[in-house]
Amino acid sequence: NLTERLSGVIKTLRGEARLTESNIQEALREVRMALIEADVALPAIKVFIEQVKQRAIGHEVMDSLTPGQALIGIVHQELIAIMGGEKAELSLNVAPPAVILMAGLQGAGKTTSSGKLAKWLMEEKKKKVLLVSCDIYRPAAIDQLALLAEQTGAEFFPVQTGQQPAQIGTTALDYARRHHHDVVIVDTAGRLGIDEAMMQEITQLEQLLKPVETLFVVDAMQGQDAVNTAKAFSDALPLTGVILTKLDGDARGGAALSVRHVTGKPIKFAGVAEKLSGLEPFYPDRMASRILGMGDVLGLIEEAQRTSDKKEAERLMKKMKSGKGFDLNDFRQQFQQMKKMGGMGAMLEKLPHQLSQAAQNMNVDEKIINRTEGIINAMTPQERTKPEIIKASRKRRIATGSGVSVQEVNRLLSQFEQTRKMMKMMNKGGMSKMMRAVKG
Ligand code: GDP
Ligand code: MG
């Protein structure tokens, strides 16, 4: 399933410093397969993969994350985006009564969702709700809604025998106006498949009742079929949103991922249980986490983002404090750290005065940081850990390798020495004071 496949992605891409077009290819193939298995519509998959790719390429991977985890972070963000990003509110900003029209195939969950929505509106929004059934074809359907009304305490509009849906709708709306209902929820008849008569009937209701919300109710377990139905309904009706039912029965999440993309309409509610309280506002971010099924990994990614700078700085400071083994690797790390912390300028502001002067003497700015990194990169690992072996011929090689003059290599080495001395000087307690100051 999607979750397992994506966990596999994390295990690939080990040891890559950044995500590139070639090293994420395998991982993206896995993601694509996972989405196909989850029954996500192909056009949605195509757009999704493209978005992830665009964002992933060239993405720096933080020290404490594997590239696989970094990619999952991006996948998570894009899952949220394809489901519409923000939570979409039910709009009831009209002169009451606000009409909510329920559309969808038979068995999708229209009647159940009508009852659930009535309950939600009464409890959460303190609305006075009228429930109306236009499903005249099956007597049991009207009784079903009447029962739900009784259970929720919403008022039920009684249907006279022989009335047609359009007539029921208009008389109910008139009744709601006179009795000061805030919301009228109109349940409609569905068919087993898309059918011309059904479409005509609901289109007529839409035109007569001018609903503020026309909600397409769709069964999440239908997967790709749900998407085809969604397309047919959104072509025929001005939908304002979607209720995705039976999410409790579907672990794949395919419909959730496709339906927004196909209809362009947000999922506003999700059915998460058969019982009346089993309707929830839909949160794309929560659904994305659920689809990924890896709350711990997502937590790890967030934690890494928060602490990577801090942890790295602490590790470095510990080494400095011990006064032992401070080498050019650490020196380079220090420069990289400075860059992350917002450059020398931001850091100087936080340093105690005396130290700030010393640092300014080193005359470090962003460009020099980059040059410095370049010079150190041109050294062999041995040279970095034992700078004292860097004599004239090595200096020439390093200078050529990093495209600078020998003087600049000399300057860097003396800066390194100066820093090492400064560190010894600061050793007893001073360093932790500095660190506290830097961390703010
Ligand atoms: P309608 O034909 O569109 O009106 O569909 P119904 O409202 O009659 O629902 C069909 C079946 O799906 C009923 O047995 C409901 O109890 C069930 N159902 C609807 N929504 C949910 C849901 O979110 N979760 C679960 N588990 N069952 C649901
Ligand atoms: Mg029904």
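Let me begin by describing the structure that accompanies this report. These numbers were taken from a predicted model, which means no experiment stands behind them. (Residues numbered from 1 in each chain as written. Chains lettered and ligands numbered in written order. Predicted model: local features only at pLDDT ≥ 70, side-chain atom pairs only at ≥ 80, totals over all residues.)

We now examine the overall build of the chain. A count of helices and strands for the chain gives 20 helices and 8 strands. The 440 residues of the chain split such that 38% are buried. Relative to all contacts within the chain whose residues are 6 or more apart in sequence, the contacts with residues 24 or more apart total 76%. (Helix = DSSP H or I, 4+ residues; strand = E, 2+ residues; numbered from the N terminus. Buried ≥ 20, exposed ≤ 12 C-beta atoms within 10 Å, placed from the backbone. Contact = placed C-beta atoms within 7 Å.)

A few words on the site of ligand 1. In the vicinity of ligand 1 lie 19 residues, with Gly109, Lys110, Thr111, Thr112 and Gly271 positioned nearest. With 3 residues, helix H5 (residues 110-125) is the single largest residue contributor to the shell around ligand 1. Classifying every residue of the shell around ligand 1 by side-chain character gives 4 nonpolar, 11 polar and 4 charged. (Near = placed C-beta within 6 Å. Nonpolar A, V, L, I, M, F, W, Y, C, P; charged D, E, K, R; others polar.)

A separate point is the nonpolar core. Counting 84 residues, the largest nonpolar core has Ile185, Val186 and Leu244 as its most contacted members. Those residues in contact with valine 186 that lie beyond four places of it in its chain are Val99, Ile100, Leu101, Met102, Val132, Cys134, Gly169, Leu205 and Leu209. Core analysis: the second largest hydrophobic core is formed by 9 residues, Leu328, Phe331, Met379 and Phe416 among them. (Core = buried A, V, L, I, M, F, W, Y, C linked by C-beta atoms within 7 Å.)

This next bit is on the pairing of strand S1 (residues 98-103). Burial analysis of S1 places 6 of its 6 residues in the buried class, the great majority of the element. Taking every second residue as pointing to the same face, both faces of S1 are buried, with Ala98, Ile100 and Met102 on one and Val99, Leu101 and Ala103 on the other. With 4 bridges joining them, S1 and strand S4 (residues 183-187) adopt parallel strand pairing. From the neighbouring strand, valine 99 faces S4, where its bridge partner is valine 184. Here 4 bridges tie S1 to strand S5 (residues 213-219), and the two strands are oriented parallel to one another. In the sheet register, leucine 101 faces S5, and the bridge partner there is threonine 214. (Pairing = 2+ DSSP bridges.)

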